[in-house]
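Here is what each chain is made of, one letter per residue.
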Amino acid sequence: MKVIETIKSEKPTLSFEVFPPKTSDNFESVRTAAEKIADLKPAFMSVTYGAGGGTSDFTVDLAEDLIKQKGVTPLTHLTCVSADENKIETELNKIKSKGIENILALRGDIPEGLDKSKMKYKYAYELIEKIKDFDESFCVGGACYPESHPESENGEKDIESLKIKVASGCEFLTTQMFFDNNILYNFIMRLLKKGVDVPVVAGIMPVTNARQIKRITAISKNTLPQRFVRIVDRFADNEQALMQAGIAYATEQIIDLYANGISAVHVYSMNNPEVAKRIKNNLTEILK
Ligand code: FAD
């Protein structure tokens, strides 16, 4: 199943993200968590690639398991920042041979010390061109940043880059997390004004761990609304309370998105089936 077919409908959809383990020792526990999340019957599940210090080795294995064991459509991430053409072709052959139809094509963060002049792929759009050239039938998405990518000079330049990304074959865009929906609404208005009209999948991060959210947002430079900061500060030392409050906050964000015509919501579920389940349970009637 192509992700674009699922998300272009006006019916609300919910999807989840998992990330592969760093070592093979942890593969079984991650696989179990991913399968529990798959049991919630999401519209699709994304599997990250080498993000957050993880490895890329198990991305395709995990995605294949989702198809074979659970019949859930996977969206495999693929990054190109440190890859040459050979490496990308090897990965694409592997993805194709497992019957995976969807790829989220990313550049990846540039590692410190990497000589940029030696990079085969400097931007994600070049990877998208390569994927489409390899096999046009892949459904390819890309990343976008409602508060601008940290390397961008400004929001307008970032949107110009997204225009190039879409022209190179990107069929949908998944957003970086955001904690104030008005930021997304404003971003979509600016996208449409520049003629970027592919479906946008809204990425929502339920906050369940104060330290983790501070680390992630320090990198992504997200705006944190006062209402959100107060929740994190108040319940930082009480894990269960923070989880309850974080799930409530994320649920409220999701309902507001659906109510305002954003039909595709992707939850950064961080391999946590309990969080995914509680969010899904809050939306059962809405997703019917
Ligand atoms: P690009 O689209 O190439 O953009 C990078 C920068 O270059 C931006 O500032 C952009 O404005 C600029 N730019 C792009 N094209 C041009 C152009 N033609 N001319 C001039 N400037 C240009 N990382 C991982 O390692 N693994 C993952 O699995 C992963 N999953 C992610 C999923 C989502 C939904 C998101 C939002 C991010 C994810 N990331 C992941 C992080 C991502 O790899 C980094 O944010 C990375 O720094 C940028 O990747 P990109 O694909 O957005 O790059």
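Preceding this paragraph is the structure being described.
Caption draft 1: Just the sheet that holds strand β8 (residues 264–267), in detail. Strand order in this closed barrel of 8 strands is β1-β2-β3-β4-β5-β6-β7-β8, and the pairing throughout is parallel. Sheet twist, expressed as the average angle between the axes of neighbouring strands with direction ignored, equals 30°. In terms of strand pairing, strand β7 (residues 200–204) meets β8 through 3 bridges, oriented parallel. Across the sheet, G203 pairs through a bridge with H266, a residue of β8. Where helix α6 (residues 155–167) meets the sheet, its contacts fall on β5 (139–144) and β6 (172–175), and the angle it forms with β5 comes to roughly 175°. Packed on one face of the sheet, helix α10 (residues 239–259) meets β1 (13–18), β7 and β8 and runs near 165° to β7.

Caption draft 2: View of unusual backbone geometry. Even without a glycine there, the phi angle at K41 is positive, about 55°. Inspection of the secondary structure assignment puts K41 in the loop between α2 (27–38) and β2 (45–47). Here K41 falls in the exposed class, since its relative accessible area comes to 67%.

Caption draft 3: How the structure looks around the site of the ligand. In the vicinity of the ligand there are 27 residues, among which H77, D109, A124, Y145 and D158 approach most closely. Within the contact set of the ligand, an oxygen atom lies 2.6 Å away from a side-chain nitrogen or oxygen of D109. Mapped onto the shell around the ligand, the elements with two or more residues apiece are β3 (74–79), β4 (102–106), α5 (124–134), α6 and β6. Tallying contributions element by element places α6 first for the shell around the ligand, with 4 residues. Split into classes, the residues belonging to the shell around the ligand amount to 11 nonpolar, 11 polar and 5 charged.

Caption draft 4: Spatial organisation of the side chain of S15. Tracing the backbone through its elements, the reader meets S15 in strand β1. By relative accessible area, which is 1% here, S15 ends up buried. Of note is the side chain of S15, whose polar atom sits 2.6 Å from the side chain of H266. Not counting the four nearest positions on each side in its chain, S15 is found in contact with P42, A43, F44, V265, H266 and V267.

Caption draft 5: Representation of the packing of aromatic side chains within the structure. Here the structure, examined in full by the defined rule, presents 5 aromatic pairs. Centre to centre, the rings of Y123 and Y125 are 6.2 Å apart; their planes meet at 20°, and the pair counts as stacked. Y125 sits in the partly exposed class, given a relative accessible area of 27%. Consider the rings of F134 and F138, whose centres lie 6.5 Å apart with planes at 20°: the pair is stacked. Judged by relative accessible area, F134 falls into the partly exposed class, the value being 27%. Within the aromatic cluster, the residues linked to one another by ring pairs are F179, F228 and Y249. The lysine or arginine in question, K120, covers the ring of Y121, its NZ or CZ lying 5.6 Å from the ring centre.

Caption draft 6: Quick look at the nonpolar core. Within the largest apolar cluster, 63 residues are counted, with the highest numbers of intra-cluster contacts made by L14, M45, I131, L184, I254, L257 and I279. Aside from chain neighbours lying at most four places away, what touches I254 is L14, I204, V265, V267, I279 and L283. Of all hydrophobic cores here, the second largest spans 14 residues; its members include F179, M205, A210 and L242.

Caption draft 7: Main features of the pattern of salt bridges. Scanning the entire structure with this criterion turns up 21 salt bridges. Across the pair K8 and E5 runs a salt bridge whose closest N-O atoms are separated by 3.6 Å. Look at E5 and you get partly exposed, because its relative accessible area is 43%. The salt bridge involving E171 is made with K132; its shortest N-O contact spans 2.9 Å. Taken together, the residues span a long stretch of sequence, with E171 in the loop between α6 and β6 and K132 in helix α5 at a distance of 39 residues. The class for E171 is partly exposed, based on a relative accessible area of 23%. Take K132: its relative accessible area is 18%, and that puts it in the buried class. Among the ionic contacts, a cluster of salt bridges with common partners joins E156, E160, R190 and K194.

Basis of the calculations
Residues numbered from 1 in each chain as written. Predicted model: local features only at pLDDT ≥ 70, side-chain atom pairs only at ≥ 80, totals over all residues. Heavy atoms only, no water. Pairing = 2+ DSSP bridges. Helix = DSSP H or I, 4+ residues; strand = E, 2+ residues; numbered from the N terminus. Axes fitted to C-alpha atoms, helices over the stretch in contact; angles between N-to-C directions. Contact = heavy atoms within 4.5 Å. Buried < 20%, exposed > 50% of the residue type's maximum accessible area, 1.4 Å probe, protein only. Near = heavy atom within 4 Å. Polar contact = N/O pair within 3.5 Å; in protein donor to acceptor, adjacent residues only side chain to side chain. Nonpolar A, V, L, I, M, F, W, Y, C, P; charged D, E, K, R; others polar. Phe/Tyr/Trp six-rings, centres within 6.5 Å; stacked < 30°, edge-to-face > 60°. Lys NZ or Arg CZ within 6 Å of the ring centre and 35° of its normal. Core = buried A, V, L, I, M, F, W, Y, C linked by side-chain atoms within 4.5 Å. Salt bridge = Lys/Arg side-chain N within 4 Å of Asp/Glu carboxyl O.

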